[in-house]
Amino acid sequence: MDFDRIKEKLSILADAAKYDVSCSSSGSKRKNTNKGLGDSSGMGICHSYTEDGRCVSLLKILLTNHCIFDCAYCVTRKSNDIKRAAFKVQEVVDLTISFYRRNYIEGLFLSSGIFKDADTTMERLIQVAKKLREEENFNGYIHLKSIPGASDELMREAGLYADRLSVNIEIPTKSGLKLLAPDKNHEDFMKPMKKVKNEIIQYKQESRIIKSTPKYAPAGQSTQMIVGATGESDRDIMYTSNFFYKNYQMRRVYYSGYVPVANDPRLPALGTQVPVLRENRLYQTDWLMRFYGFDVREILNNDYPHLDMEIDPKLSWALRNREHFPVNINRADKSMLLRIPGVGLKSVNKILQARKFRKLNWEHLKKIGIALNRAQYFITCDSRIWEKNDYSSDRLKQIIIQNSASKFRKDTGQLSLFS
Ligand code: SF4
C-alpha cells in the first residue's frame, strides 16, 4: 500500500467531510456475533463534536470529493478549484479496520461527492459497508450518507449493512434549494427518505413474526440542514424539521450553521460569522418539540417567526404566555412542570419523586438543581417567601438576562490561568 498517498487522501477527504454534522451514533444495538470484531452498543460511542462539527470517534470521510453537482454552499462543488481525491473501496475498509484495532475510532461515517450518477456512488458506498460486515465481520457502527436520487433497491440494500442512513436535505426551503443547488430536486431527497422509513417499519413488523429477520438501519435515519445560507426564518427551519419528525420517523435533524466557503452573491460574504448561537437555539427548540411536549407552532408562528437570541426558547415562550404561571410545584402535572423555564426533564422527574414524600420549598428545589435564576419568577412552592413577579415581560426578561451567567454573554472571555 502507498501509505503517503493514503495519508494524503485521508487528509483531503476527512477535511471535506467536516461540514457534515449528522454523525451521532446513538440508538444502535448491533451486537457482536460470530466472534466478529466490535460491538456498536456496549462501548460508549462518543457523541462529542468539535466546534466545526467533526465527531471525534468515528472515522468520518468522503469516499471522494469529486462531484458532478455545483451546490453553491458546498466546498466539494465541481466549480471549486480544490485538490481532489478518491478512495478505493478496499482502502476505506482497510483504514476502518486498522483504525478500529488501534482504538482510534468506534465506527465509520461515510459520505461522498456524487461521481458519475447517484446510483453508481451509492453502490460504491454500499460496497464498503458490505465488505466490512461480510468479509471483515465488523460489528461496529456504520453511518452511510445516502445519495439523493439513489434507487429504491439500493436504499433497501444500504439499510441492511448500515446502522444509520441519512439523506441531507441541506437547504430548509424548496426555493432556497432551487437558488443554491439548481441541479438538485426536492423529490430526490424525499424519495429515499420515504423508502428508508417504509423499510424500517416493514423489517420491524417482520421481525415480530420471523426471529431471523435481519436488522434494517437499526439507528434509524437522520438529516441535516444548513442554517443561514439562504434567508429562511427559524419558523421555516423548524416547520421543516417538524414535518420530517412527523412523517418520516426521523431520529434526528441536525442544524449546521453555514460556514462561508464561496464568494457568491447568492450567499453570505466570506468572513461572515458562522451563526453558532442560532444553531444552538434551533437545537433547544428541537428538544422542546421532541421531549418537552411543545407544538412547534407554540414557539414559532406568524407573529414570532424568529427565535430570540438573547434567551432560550422555553423562557421566551413563558414570557409570552404569562397567564399559565405561576405554576405550583407541589401540585402541577408533569406537562406543566416541563414548561417552567429553568426546569429540565431530569429535574421534573426528581420533583415528581420528591413530592411523594414532602411539600417542596425553595431549599429543596435548589438541591434538586433547578435553575432558580429563571424558574423563581414562574413558580410557587411551600414557602411564604414570594418572588415578586408583577414585572412586565420585557422587564422580567432584562432582569433574568442580567442575573444569568450566560456562556453567550459577550464579556465572558477566557480567564487567564494565573490571575
Ligand atoms: S451534491 Fe453534495 S457533494 Fe456535490 S456539490 Fe452538492 S452538496 Fe456538495
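Residues numbered from 1 in each chain as written. Predicted model: local features only at pLDDT ≥ 70, side-chain atom pairs only at ≥ 80, totals over all residues. Heavy atoms only, no water.

Naming follows an unreviewed UniProt entry, where the chain appears as Biotin synthase related domain containing protein of Christiangramia flava JLT2011. In its Cofactor (unreviewed entry) section, the UniProt entry covering the chain states "[4Fe-4S] cluster". (UniProt positions renumbered as here; feature names shortened; annotations may be inferred.)

## Some details on the sheet that holds strand E6 (residues 252-257)
Spatially, the 6 strands line up as an open sheet ordered E1-E2-E3-E4-E5-E6, and their pairing is parallel. Strand pairing shows two members of the sheet lacking a second neighbour, strand E1 (58-62) and E6, which therefore form its edges. Taking the axes of each pair of neighbouring strands and ignoring which way they run, one obtains an average angle of 20° across the sheet. This element, helix H6 (residues 186-209), spans strand E4 (164-166) and strand E5 (221-227) of the sheet and lies at about 150° to E5. (Pairing = 2+ DSSP bridges. Helix = DSSP H or I, 4+ residues; strand = E, 2+ residues; numbered from the N terminus. Axes fitted to C-alpha atoms, helices over the stretch in contact; angles between N-to-C directions. Contact = heavy atoms within 4.5 Å.)

## Describing the packing of helix H2 (residues 89-101) against helix H3 (residues 118-135)
The contact between H2 and H3 brings their axes to 9 Å, and the two run at 45°. Judged on the interaxial angle alone, H3 and H2 are oblique. You can see that H2 and H3 cross each other, and the crossing is right-handed. Here Val89, Gln90, Val92, Val93, Thr96 and Ile97 of H2 come into contact with H3, specifically with Arg124, Gln127, Val128, Lys131 and Leu132. Of the residues in the contact of H2 with H3, the class split is 6 nonpolar, 3 polar and 2 charged. (Parallel < 35°, antiparallel > 145°, perpendicular 65-115°, else oblique. Left-handed = near helix turned anticlockwise from the far one by under 90°. Nonpolar A, V, L, I, M, F, W, Y, C, P; charged D, E, K, R; others polar.)

## A word on the site of the ligand
Lining the immediate surroundings of the ligand are Cys67, Phe69, Cys71, Cys74, Arg77, Gly113, Ile114 and Lys184. When the residues that make up the shell around the ligand are grouped by side-chain class, the tally is 5 nonpolar, 1 polar and 2 charged. (Near = heavy atom within 4 Å.)

## Focus: helix H12 (residues 345-354)
Within H12 the residues assigned to the buried category are Ser347, Val348 and Ile351. The buried residues of H12 all sit within an arc of 105° when viewed along its axis, so they share a single face. Contact partners of the buried residues in H12: helix H11 (334-337) and helix H13 (362-368). (Buried < 20%, exposed > 50% of the residue type's maximum accessible area, 1.4 Å probe, protein only. Arc of directions from axis to C-beta.)

## A short note on the confidence of the model for the chain
It should be kept in mind that the predicted coordinates are not to be read in detail where pLDDT is low. Averaged over all residues, the pLDDT of the chain equals 88, while 88% of them reach at least 70. Between the elements of the chain, mean pLDDT differs from a low of 86, seen in helix H1 (residues 3-17), to a high of 98, seen in helix H9 (residues 296-299). (pLDDT = per-residue confidence, 0-100.)

## Quick word on the pattern of salt bridges
Enumeration over the complete set of coordinates arrives at 19 salt bridges. Among the ionic pairs, arginine 133 bridges to aspartate 163, the shortest N-O distance being 2.7 Å. Placement of the pair is arginine 133 in helix H3 and aspartate 163 in the loop between helix H4 (152-161) and E4, with a sequence separation of 30 residues. For the pair formed by arginine 133 and aspartate 163, the shared burial category is buried. Taking the shortest distance from any N to any O, the salt bridge between glutamate 310 and lysine 397 comes out at 3.1 Å. One end of the pair, glutamate 310, is in the loop between H9 and helix H10 (313-320); the other, lysine 397, is in helix H15 (residues 393-403), and 87 residues separate them in sequence. (Salt bridge = Lys/Arg side-chain N within 4 Å of Asp/Glu carboxyl O.)

## Side note on helix H7 (residues 234-247)
Taking 1.5 Å per residue, 14 residues should reach 20 Å; H7 reaches 20 Å between its end C-alpha atoms and fits that length. Along H7, the residues classified as buried are Asp234, Ile237, Met238, Thr240, Ser241, Asn242, Phe244 and Tyr245. The elements touched by buried residues of H7 are H6, E5, E6, helix H8 (276-291) and H9. The first or second residue beyond H7 is glutamine 249, which carries a positive phi of 45°. (Expected span 1.5 Å × (residues − 1).)

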